[in-house]
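Letter by letter, the chains look like this.
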Amino acid sequence: MEHVAIVCIIGSNMDQPGILAKAAGALSANGINIKAGGFALRKVNIQLIVSREDYRNAIINLNKAMFARN
């Protein structure tokens, strides 16, 4: 058994090119391994499974990557 956490990116049209790559890159760049992932049927969210100890850092880094103003 392994303790994991689910982090989600919620919005509309989540099947746009580059969104999953941006999220995965943000986690990878900060040493967070994605154990599994998936899309909701209606393309409104992306779920990523990470180690429970990476949960806080995953949330912080996803927010920075996905909502940073350029």
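Remember, it's a predicted structure, so these values are computed and weren't measured experimentally.

Caption draft 1: Main features of helix 2 (residues 55-67). Across its 13 residues, helix 2 extends 18 Å between first and last C-alpha, which sits within 8% of the 18 Å expected from 1.5 Å per residue. Regarding helix 2, the residues found buried are A58, N61, L62, A65 and M66. All buried residues of helix 2 fall inside an arc of 120 degrees around its axis, so they share one side. The exposed set on the far side of helix 2, more than 90 degrees from its buried face, consists of R56, K64 and F67.

Caption draft 2: Structural detail: the pairing of strand 1 (residues 4-10). Burial along strand 1 is one-sided: the residues A5, V7 and I9 are buried and none of V4, I6, C8 and I10 is. Judged from the 7 bridges that link them, strand 1 and strand 3 (residues 45-51) form a sheet pairing that is antiparallel. Bridge pairing links C8 to Q47 in strand 3.

The rules behind each value
- Residues numbered from 1 in each chain as written.
- Predicted model: local features only at pLDDT ≥ 70, side-chain atom pairs only at ≥ 80, totals over all residues.
- Heavy atoms only, no water.
- Helix = DSSP H or I, 4+ residues; strand = E, 2+ residues; numbered from the N terminus.
- Expected span 1.5 Å × (residues − 1).
- Buried < 20%, exposed > 50% of the residue type's maximum accessible area, 1.4 Å probe, protein only.
- Arc of directions from axis to C-beta.
- Pairing = 2+ DSSP bridges.

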